Amino acid sequence: MRKKIAFNRLKYALAVGSFTMLMACGSGGNQDRTWAVYKGDEKSTSHSPLDQIDTSNVSALKLAWTFSVNDLPSDANPANSQSNPIIIDGIMYTTSAKRCLYAIDAATGKEIWKYDPFNGGGGGGAGRGVTYWEDGNDKRILFSADNFLIAVDAKTGKAIDTFGEKGKVNLNVGLRDDPNKITVTMTSPGIIYKDLIIVGSRLPDLYGTPPGHVRAYNCRTGKMEWIFHTIPQPGEPGYETWPKEAYKYAGGVNSWAGMSLDSKRGIVYMALGSPTYDFYGADRIGKNLYGNCVLALDAATGKYVWHYQTVHHDIWDYDLSAPPNLVSVKKDGKSRDAVAQVTF
């Protein structure tokens, strides 16, 4: 099955499947002139300050190159890539509909390397992008495929064997339920804070679904460094908003839409979905924190900072479906930092 990634001139305009984004990429190390993070920056603004492409010249864009992806079996069901590619030092990193990872020369569209997490088999599922971490010459792409968080050498395309087990961390492990009986995947990529990658999860909206606890893993080793229970356990704030034993059976309350980060304050912000089952709540009477919440955590420790719940006891599947945006609002001549959340 063939998918195409097209790159247009003035300087770069990117089209992936039915998703189109105009983007100009400058040279050098100025992070304001790159797209090195999913959704543009750690604040999830999806904004570039560059002005080389505007309404006066957008009609003059011409095709510069096309990169064709052909990694799905011919008998596979139709699929699409939702990946928002990133560009680091002139190299574009993105995933296909199969969840293969590609490194592509952003100037020419030539493939530099490909990493197939399935070794030729299986694959698939919505994936919205990848994450980049570096320390000196150690440069890594972290992304998910099936129930694994994977670390790949950004220069060679080889799995980092010292990360987890031969480059992979099983996301099924470390939650409440038997890891052999659940499937935990990721829709949106994690976000980097120092040497941590903080991740959410994509879960079925069904009975028997595990809890959507948020976790942070060490980017070097793959070790889980902290976990925040989005369905609170005894003694934790919010436990009283659920039935007494709900933490043993309730699922969902997961961060599938993505996260934002204030690295100066050391706070990570996330949008959470509803508890399961989506359309029935008699077995989870109460406000059900932290379902349908904008949640702020200490990025280094995972400790609770604050929350804002948009729907108490949701039975309409009103997930918060986009990451919070970190903005500055001017009022009475003063600028005030704020968190803006898109909802239904």
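The structure contained in this document is the topic of the report that follows. (Residues numbered from 1 in each chain as written. Predicted model: local features only at pLDDT ≥ 70, side-chain atom pairs only at ≥ 80, totals over all residues. Heavy atoms only, no water.)

## Considerations on the overall build of the protein chain
Part 1 of the argument: Secondary structure assignment for the protein chain yields 0 helices and 24 strands.
Part 2 of the argument: In terms of overall size, the protein chain behaves like a compact globule, its C-alpha atoms giving a radius of gyration of 20 Å where 344 residues would be expected to give roughly 20 Å.
Part 3 of the argument: Taken over the C-alpha atoms alone, the protein chain extends approximately 60 × 60 × 40 Å along its principal axes.
Part 4 of the argument: In the protein chain, which comprises 344 residues, the proportion classed as buried is 50%.
Part 5 of the argument: Total accessible area on the protein chain is roughly 16,500 Å²; 51% of this is exposed by carbon and sulfur atoms.
Part 6 of the argument: The distance from the centre of the 38 positive side-chain charges to the centre of the 35 negative ones in the protein chain is 3 Å. (Helix = DSSP H or I, 4+ residues; strand = E, 2+ residues; numbered from the N terminus. Rg over C-alpha atoms; globule rule 2.2 N^0.38 Å. Buried < 20%, exposed > 50% of the residue type's maximum accessible area, 1.4 Å probe, protein only. Areas by Shrake-Rupley, 256 points an atom, 1.4 Å probe, with all protein chains shown as cover. Lys, Arg positive; Asp, Glu negative; His and termini not counted. Charge placed at Lys NZ, Arg CZ, Asp CG, Glu CD.)

## As for the sheet that holds strand β11 (residues 148-153)
One key point about sheets: their strands pair by backbone hydrogen bonds, in either a parallel or an antiparallel sense.
Part 1 of the argument: The strand order across the open sheet built from 4 strands is β9-β10-β11-β12, with neighbouring strands paired in antiparallel fashion. Unpaired on one side and paired on the other, β9 (131-135) and β12 (168-170) mark the two borders of the sheet. Adjacent strand axes in the sheet meet at a mean angle of 20° when their direction is disregarded.
Part 2 of the argument: Two strands pair when backbone bridges link them, and strand β10 (residues 138-145) and β11 are joined in this way by 6 bridges, in the antiparallel orientation. Among the inter-strand pairings, Phe143 is bridged to a residue of β11, identified as Ile150. (Pairing = 2+ DSSP bridges. Axes fitted to C-alpha atoms, helices over the stretch in contact; angles between N-to-C directions.)

## Examining the layout of surface pockets
Part 1 of the argument: There is about 290 Å³ of room inside the second largest pocket.
Part 2 of the argument: Lys43, Asp262, Arg265, Leu326 and Asp337 are the residues nearest the centre of the second largest pocket, which is lined by 15 residues in total.
Part 3 of the argument: Here the lining of the second largest pocket is composed, by residue class, of 7 nonpolar, 2 polar and 6 charged. (1 Å grid on protein atoms, 1.4 Å probe; cavity = no way out; pocket = protein on both sides within 12 Å on 5 of 7 lines; lining within 4 Å. Points joined across faces, edges and corners; volume = space filled by probe spheres on them. Nonpolar A, V, L, I, M, F, W, Y, C, P; charged D, E, K, R; others polar.)

## What about the sheet that holds strand β16 (residues 224-228)?
Part 1 of the argument: What the 4 strands build is an open sheet, ordered β13-β14-β15-β16; its pairing is antiparallel. At either end of the open sheet lies a strand with only one pairing partner, and these are β13 (191-193) and β16. Along the sheet, successive strands turn relative to each other by an average axial angle of 25°, direction set aside.
Part 2 of the argument: Bridge count between β13 and strand β14 (residues 196-199): 3 bridges; the pairing is antiparallel. Its bridge partner being in β14, Tyr193 is matched across the sheet by Leu196.

## Section: a nonpolar patch on the surface
Part 1 of the argument: Together, Tyr304, Val305, Trp306, Tyr308 and Val339 give the surface a local cluster of nonpolar side chains, amounting to about 440 Å² of exposed area.
Part 2 of the argument: No other element matches the 4 residues that strand β22 (residues 304-309) contributes to the nonpolar patch.
Part 3 of the argument: For Trp306, the location among the structural elements is in strand β22. (Patch = residues over 30% accessible without salt bridge, like charges linked within 9 Å, V, L, I, M, F, W, Y side chains within 5 Å. Salt bridge = Lys/Arg side-chain N within 4 Å of Asp/Glu carboxyl O.)

## A few points about the nonpolar core
Part 1 of the argument: Core analysis: the biggest nonpolar cluster contains 24 residues, and Ile198, Trp226, Val268, Met270 and Tyr290 have the highest contact counts within it.
Part 2 of the argument: Examining the composition of this core, we find that 3 residues originate from one element, strand β21 (residues 293-298), more than from any other.
Part 3 of the argument: Those residues within four positions of Ile198 in sequence are excluded, and the remaining contacts are Gly190, Ile191, Tyr193, Val214, Arg215, Ala216, Trp226, Met259, Val268 and Ala299.
Part 4 of the argument: Of all hydrophobic cores here, the second largest spans 18 residues; its members include Ala151, Val169, Val184 and Leu203. (Core = buried A, V, L, I, M, F, W, Y, C linked by side-chain atoms within 4.5 Å. Contact = heavy atoms within 4.5 Å.)

## Examining empty space enclosed by the protein
Part 1 of the argument: In this structure the tally under the stated criterion is 2 cavities of 30 Å³ or more.
Part 2 of the argument: Of the pockets and cavities examined, the largest cavity occupies roughly 80 Å³.
Part 3 of the argument: Lining the largest cavity are 16 residues; nearest its centre among them are Arg99, Gly129, Phe143, Ser144 and Pro189.
Part 4 of the argument: In terms of residue count, the dominant contributor to the lining of the largest cavity is β10 (3 residues).
Part 5 of the argument: When grouped by side-chain class, the residues that make up the lining of the largest cavity number 6 nonpolar, 8 polar and 2 charged.
Part 6 of the argument: By volume, the second largest cavity is sized at about 60 Å³.

## Thoughts on the environment of Ser255
Part 1 of the argument: With respect to the secondary-structure elements, Ser255 resides in the loop between β17 (251-252) and β18 (259-262).
Part 2 of the argument: Note on Ser255: relative accessible area 4%, which makes it buried.
Part 3 of the argument: Measuring from C-alpha to C-alpha, the distance between Ser255 and Met270 comes to 6.5 Å, with 15 residues separating the pair along the chain.
Part 4 of the argument: Those residues within four positions of Ser255 in sequence are excluded, and the remaining contacts are Gly200, Ser201, Gly212, Met270, Ala271 and Leu272.

## Comments concerning the pairing of strand β19 (residues 267-271)
Part 1 of the argument: Across the 5 residues of β19, 5 count as buried, placing the element largely inside the fold.
Part 2 of the argument: Alternating residues of β19 divide into Ile267, Tyr269 and Ala271 and Val268 and Met270, and every residue in both groups is buried.
Part 3 of the argument: Where β18 meets β19, 4 bridges bridge the pair, whose relative direction is antiparallel. What sits directly across from Met259, in β19, is Met270.
Part 4 of the argument: Remark: 4 residues form the turn of the hairpin made by β18 and β19, two consecutive strands paired antiparallel; Gly266 in that turn has positive phi of roughly 70°.
Part 5 of the argument: As paired strands, β19 and β21 are joined by 5 bridges and run antiparallel to one another. Along β21, the bridge assignment pairs Ala271 with Val294.

## With respect to unusual backbone geometry
In most cases, non-glycine residues show a negative phi, while peptide bonds are predominantly trans.
Part 1 of the argument: The omega torsion across Thr276 and Tyr277 is -5°, close enough to zero to call that bond cis.
Part 2 of the argument: Look at the link from Leu289 to Tyr290: it is a cis peptide, with omega at 15°.
Part 3 of the argument: By the element assignment, Tyr290 lies in the loop between β20 (275-276) and β21.
Part 4 of the argument: The phi dihedral of Lys194 falls on the positive side, at around 55°, and the residue is not glycine.
Part 5 of the argument: Here Lys194 shows up in the loop between β13 and β14.
Part 6 of the argument: Note on Lys194: relative accessible area 63%, which makes it exposed.

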